[in-house]
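Observations on the model geometry
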Amino acid sequence: MRFGMNFGMVAPQGSGMTWQSAVQDLLEIAPEMESLGYDSLTLTEHHFQRDGHNSSPLVTLGAVAAVTERMTIGTDILLAPLYNPVKLAEDVAVLDNISNGRVVLGIAPGYVPEEFAGLMVPYGERVGRFLETVDILQSAWTQDEFAYDGKHFQIPLTHLMPKPVQDPHPPIWWGVSGPRLLRLAGERGLIFTASPRHSIEELEEHLAIYRRAAESVGYVPPAFPVMKGLFVAETREAAEEVAGPAVTHLFRELYGKNSASGARRLTNDQGELVEDMSTVDFETFKDRYLIGTPDDVAQKITELRDRIGMTELIAWSQLPGVGGEQVRSSMRLFAREVIPAFAD
């Protein structure tokens, strides 16, 4: 079992956190993560959100690469349709060289309409652009010269330089949940990574589709990373006091808002569709989080491992408004009390 942390850079108004303080926390915490035995550090991407998020994860990862030596670093998730795919291939290859071959690229089609409008990318083209981007990335990284003639992108004969350090290229994770894209992930031999917004029952459904498709082409997925909102404290009450408002903010202001608008479905722990973001609270989504004592969290990790075959837990511990010493305290306690229980 591998363990990583995700940093979201979400700084709600009135929380006392700023985007600058969030990114400085990241750069100070990353070296200690390595010393504590964590395996990976990933970043998310969102644009034009009033509470922050990270609009430039690859730039940020360049700074992370400079203060770390061993951990995998990457995106979970980068919104691929918002990028020029050739420039994305270049930037990821450069980052892989800077980090000595430690990059993983988690990508998704995206679902927030205002992100596409603000970056002048047609929302209705996002899936097509996403699929073509994957083709272009793999060709650019593995061929001496490549060309591409697609619906959305036409690229003349081109030579990408530098190539990534990793052979054949950095791992590509797909952050998808629709049946068509889950099937394509399996058929293309790419790793499926799970969003924190899904229940374990939903993930079982997603995995059944993905694994059938992978099996049909003889592909055996080498990993199954799962992201979960996580916070550990000595008592359940202390953990919920810090993290409860944070995960409620995340699920209400991002996932719940977009479900209520019809952009992307979100169901609560009772299986009810969220049509009013104000109905989202800590209790109605409690099964999605890993928040509590080390024993509480270890039990949930065991369930995720045994029921769905999770091989890497991505702990979203820099939750909205949670920073500094609160993140460090949870990180240290988790490393001391939880990670050793899952040592191979």
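Residues numbered from 1 in each chain as written. Predicted model: local features only at pLDDT ≥ 70, side-chain atom pairs only at ≥ 80, totals over all residues. Heavy atoms only, no water.

Remarks on the sheet that holds strand β8 (residues 191-192)
Spatially, the 9 strands line up as an open sheet ordered β8-β7-β4-β3-β2-β1-β11-β9-β10, and their pairing is parallel. Only two strands of the sheet have a single partner each, and these edge strands are β8 and β10 (290-292). Looking at chain direction, strand β4 (residues 103-108) and strand β7 (residues 172-174) are connected through 3 bridges and run parallel. Each bridged residue has a counterpart across the sheet, and for Ile107 the counterpart in β7 is Trp174. Set on the sheet, helix α1 (residues 19-36) makes contact with β1 (2-7), β2 (40-43) and β11 (312-318); between it and β2 the angle comes to about 165 degrees. (Pairing = 2+ DSSP bridges. Helix = DSSP H or I, 4+ residues; strand = E, 2+ residues; numbered from the N terminus. Contact = heavy atoms within 4.5 Å. Axes fitted to C-alpha atoms, helices over the stretch in contact; angles between N-to-C directions.)

Details of the environment of Pro156
In this fold, Pro156 is placed in strand β6 (residues 154-158). The exposure class assigned to Pro156 is exposed, which follows from its relative accessible area of 58%. Between the C-alpha atom of Pro156 and that of Phe146, which follows or precedes it by 10 residues, the distance is 7.8 Å. Once residues lying within four places of it in the same chain are set aside, the contact partners of Pro156 are Phe146 and Ala147. (Buried < 20%, exposed > 50% of the residue type's maximum accessible area, 1.4 Å probe, protein only.)

Some words on the layout of surface pockets
Counted as a void, the largest pocket has a volume near 560 Å³. Lining the largest pocket are 30 residues; nearest its centre among them are Ala108, Tyr111, Gly175, Ser195 and Arg264. Taken together, the residues of the lining of the largest pocket sort by class into 16 nonpolar, 9 polar and 5 charged. Of the voids in this model, the second largest pocket is the one considered here, and its volume is about 290 Å³. Of all the secondary structure elements, the ones that give two or more residues to the lining of the second largest pocket are α7 (200-216) and α9 (294-308). Partitioned by chemical class, the residues of the lining of the second largest pocket number 3 nonpolar, 4 polar and 10 charged. (1 Å grid on protein atoms, 1.4 Å probe; cavity = no way out; pocket = protein on both sides within 12 Å on 5 of 7 lines; lining within 4 Å. Points joined across faces, edges and corners; volume = space filled by probe spheres on them. Nonpolar A, V, L, I, M, F, W, Y, C, P; charged D, E, K, R; others polar.)

Looking at helix α2 (residues 57-67)
Each α-helix turn comprises 3.6 residues. Residues three or four places apart therefore point the same way. Residues of α2 that are buried include every one of Pro57, Leu58, Thr60, Leu61, Val64 and Ala65, and no others. With its buried residues spanning 150 degrees around the axis, α2 presents them on a single face. Of the residues in α2, the exposed ones pointing more than 90 degrees away from the buried face are Val59 and Ala66. Its buried side turned inward, α2 meets α1, β2, β3 (72-79) and α3 (85-98). (Arc of directions from axis to C-beta.)

Brief notes about the nonpolar core
Judged by nonpolar contacts, the single largest core of 115 residues is most densely connected at Tyr38, Trp174, Ile301 and Phe334. By residue number, the principal contributor to this core is helix α8 (residues 236-260), which donates 8 residues. Filtering out sequence-adjacent residues up to four positions away, Phe334 remains in contact with Phe3, Tyr38, Leu230, Val232, Val297, Ile301, Leu313 and Ile339. (Core = buried A, V, L, I, M, F, W, Y, C linked by side-chain atoms within 4.5 Å.)

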